[in-house]
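# Structural characterization, general
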Amino acid sequence: MQRYSIPTQAQEEEHLVAPQQTPVISPKTSRKITLPLEGGASDTWNVADDAGQYVTLFIRDTLNEAITQGASDVHFEPRSDCFLIRFRIDGVLTEYARLPFVQYQKILNTIKVLSDVDISEHALPQDGHIELSVQQVVSESTFSAEENAPSQDQTHFFDIRVSTFPSVNGEVIVMRILNRSGALLSLEELGMDDASLAVMRDILSLSYGMMLITGPTGSGKTTTLYALLRELKSEERNIITLEDPIEFHLDWLRQCEIREQRGFTFERAMASVLRQDPDVLMLGEIRGAETAEQAMRSALVGRIVCSTIHANTAVGAIARLVDLGVSRSILAHALHGIIAQRLVRKTCDQCKETYTPEPTNLAHFGLTPEHGPFYRGKGCSACSNTGHKGRIGIFSVMPVDATIQSMIFDQKPLAEIQDVAIQRGMKTLKMDAAVKIRAGLVSVEEAVRVL
Ligand SMILES: [Zn+2]
């Protein structure tokens with residue numbers, strides 16, 4: 001499969017005569033957008049010609065601006081008389097540009113070519129992908145971007161997931177911006193404490209078994225999944241991932257994208273992937289009974305399997321797998337550990353102040369005012385007056401040791417399994433949150449919002 005990437009500054013200077021002012025990627029620019037395009041639609045678009053370069057440049061410029069402003073999504077929306085470009089910043093859509101409709105088709109076509117989707121398909125939704133490298137970025141949009149803030153002249157890679165969708169006015173394009181360096185955070189950087197890390201590394205040092213990550217949508221499971229793979233990264237290991245879709249493209253993994261429409265389903269992939277001789281297998285998500293069972297069996301025959309499953313707590317993941325019909329004996333033997341997690345906004349360091357939280361909120365985490373001082377962000381220019389900057393994970397790591405194993409096997413109630421795990425040193429999500437609240441990393445209110 002051929003993949004196009006948007007040309008870098010240097011490549012452009014080599015090949016491009018016009019425009020006179022080559023846009024420079026710089027933070028906090030407020031450039032006026034002009035697009036030197038005339039005429040209507042063209043289905044035979046050539047990216048290499050001059051106008052193509054202009055459009056490509058414009059798209060790259062728009063994406064740079066979106067990244068600079070910390071947007072998570074960029075929308076290209078055709079209306080009846082114009083088309084809009086809107087950015088989603090901190091969860092809210094804001095208008096970035098309003099352009100004549102006549103320019104839409106060229107932009108649409110170029111985006112389609114760049115993201116490797118069928119340019120002649122207008123009636124059906126399509127999914128594509130663009131890789132973008134930029135020299136300078138000021139971004140706060142991704143998970144814990146703060147620790148990863150790029151310095152000047154550093155090249156950063158972004159994966160842009162492109163979705164086209166037919167509307168009455170034409171195809172709408174929505175781009176999701178994923179910061180690849182955000183996918184390369186270590187477990188420490190994600191906010192996992194030393195004790196949980198030691199447990200995790202113990203589990204991963206075994207040559208087989210399954211590690212599951214659980215949490216609701218948007219809890220950062222995928223980021224943690226990649227952090228686990230980073231722990232397992234080694235020249236001697238063949239790491240294969242099955243993902244739907246691939247969120248971050250990484251060279252040191254053998255990544256495979258599931259394509260349900262073409263019949264390449266998780267079940268189909270799982271049935272063949274063991275013949276690809278993997279040491280480590282990563283499944284984006286366990287959704288169905290068959291995949292769950294196949295993954296568990298792979299874990300029993302000498303593979304490390306990492307995946308995610310939708311549940312609220314670590315023991316909840318066990319219940320979910322039982323519900324799916326996975327046999328308790330396979331479950332007890334294959335499952336080596338479960339990570340439950342949530343994502344919370346970190347208190348801004350620049351405007352952190354002490355305050356007295358509501359005692360009922362404190363009680364939620366087993367805390368009293370005597371455990372203070374407690375901190376919150378007052379709001380400043382560094383955090384756009386939100387009092388929060390960056391994000392951090394709240395973790396609960398449950399090792400499935402011999403004791404827990406026999407409890408799963410004996411169909412013990414989940415509450416009992418959880419109590420025993422706590423006695424043996426497991427921190428619940430609330431316990432981990434309490435530690436982070438007392439350390440001033442997270443405000444009580446923010447923790448209450450998520451837990
Ligand atoms: Zn602040």
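Computed from a predicted structure; not experimentally measured.

What follows is about the overall build of the chain. The secondary structure content of the chain amounts to 14 helices and 15 strands. A burial count over the chain gives 40% of its 451 residues as buried. Looking at the chain alone, contacts between residues at least 24 apart form 68% of all its contacts between residues at least 6 apart.

Spatially, β9-β8-β10-β11-β7-β12-β15 is the arrangement adopted by the seven strands of the open sheet, whose pairing is mixed. Only two strands of the sheet have a single neighbouring strand rather than two, namely β9 (254–257) and β15 (388–399). The average undirected angle you get between the axes of adjacent strands in this sheet is 20 degrees. Direction of pairing for strand β10 (residues 280–283) relative to strand β11 (residues 304–309): parallel, over a ladder of four bridges. By the bridge assignment for β11, methionine 282 is matched with cysteine 306. Sheet strands in contact with helix α8 (residues 314–323) are β7 (209–214), β11, β12 (335–347) and β15, and its direction is about 110 degrees off that of β7.

Remark: helix α6 (residues 266–273) packs on helix α7 (residues 289–300), axes separated minimally by 9 Å, with the N-to-C direction vectors making an angle of 20 degrees. Classified by the interaxial angle, the pair formed by α6 and α7 is roughly parallel. Crossing of α6 against α7: the hand is left-handed. Of α7, the residues touching α6 (which contributes Phe266, Glu267 and Met270) are Glu290, Thr291, Gln294 and Ala295. Along the lines of polarity and charge, the residues of the contact of α6 with α7 split into three nonpolar, two polar and two charged.

With respect to the helices and strands, the residue arginine 376 is situated in strand β14 (residues 374–377). Owing to 21 C-beta atoms within 10 Å, arginine 376 belongs among the buried residues under this scheme. The spatial distance from the C-alpha of arginine 376 to the C-alpha of threonine 354 is 6.4 Å, given a sequence separation of 22 residues. Beyond its immediate chain neighbours, meaning those up to four positions away, arginine 376 contacts Thr347, Glu353, Tyr355, Gly387 and Ser443.

Met210, Ala295 and Ile437 are the most contacted members of the largest nonpolar core, which has 105 residues in total. Both of domain 1 (9–179) and domain 2 (184–450) provide at least three residues apiece to this core. The contacts of isoleucine 437, once residues within four sequence positions are left out, are Phe365, Leu367, Phe374, Val442, Val444 and Ala447.

The next subject is helix α11 (residues 402–409). Those residues of α11 not exposed but buried are Ile404, Met407 and Ile408. Relative to the axis of α11, the buried residues are bounded by an arc of 100 degrees and lie together on one face. What points out from α11, more than 90 degrees from its buried face, is the exposed set Ala402 and Ser406. For α11, the elements touching its buried residues are α8, α9 (328–334) and α12 (414–423). Downstream of α11 by one or two residues, glutamine 411 has phi in the positive range, about 55 degrees.

Bridge count for strand β1 (residues 71–78) against strand β2 (residues 82–89) is seven bridges, and the pairing is antiparallel. Within β2, the position partnered with valine 74 by the bridge is phenylalanine 87. Once β1 ends, the chain turns through three residues before running back antiparallel as β2. For β1 and strand β6 (residues 170–179), the ladder comprises four bridges, and the chain directions are antiparallel. Paired with aspartate 73 across the strands is arginine 176, a residue of β6.

Within a sheet, neighbouring strands are paired by backbone hydrogen bonds and run either parallel or antiparallel to one another. Spatial strand order, β3-β2-β1-β6-β5-β4: six strands in an open sheet with antiparallel pairing. The open sheet has two edge strands with one neighbour each: β3 (92–100) and β4 (126–134). The mean angle between the axes of side-by-side strands here comes to 20 degrees, regardless of whether they run parallel or antiparallel. Relative to the sheet, helix α3 (residues 104–114) contacts β1, β2, β4, β5 (156–167) and β6, its axis offset from that of β6 by approximately 45 degrees.

Moving on to the confidence of the model for the chain. Considering every residue of the chain, the mean pLDDT works out to 82; 82% of them sit at 70 or more. Counting interchain partners and residues more than four positions distant, the pLDDT-below-50 stretch residues 1–5 has eight contacts. Under a pLDDT of 50 for its full length, residues 7–50 has, in the predicted model, 52 contacts with residues more than four places off or in other chains.

How each quantity is defined
- Residues numbered from 1 in each chain as written.
- Predicted model: local features only at pLDDT ≥ 70, side-chain atom pairs only at ≥ 80, totals over all residues.
- Helix = DSSP H or I, 4+ residues; strand = E, 2+ residues; numbered from the N terminus.
- Buried ≥ 20, exposed ≤ 12 C-beta atoms within 10 Å, placed from the backbone.
- Contact = placed C-beta atoms within 7 Å.
- Pairing = 2+ DSSP bridges.
- Axes fitted to C-alpha atoms, helices over the stretch in contact; angles between N-to-C directions.
- Parallel < 35°, antiparallel > 145°, perpendicular 65-115°, else oblique.
- Left-handed = near helix turned anticlockwise from the far one by under 90°.
- Nonpolar A, V, L, I, M, F, W, Y, C, P; charged D, E, K, R; others polar.
- Core = buried A, V, L, I, M, F, W, Y, C linked by C-beta atoms within 7 Å.
- Domains from an automatic or database assignment.
- Arc of directions from axis to C-beta.
- pLDDT = per-residue confidence, 0-100.

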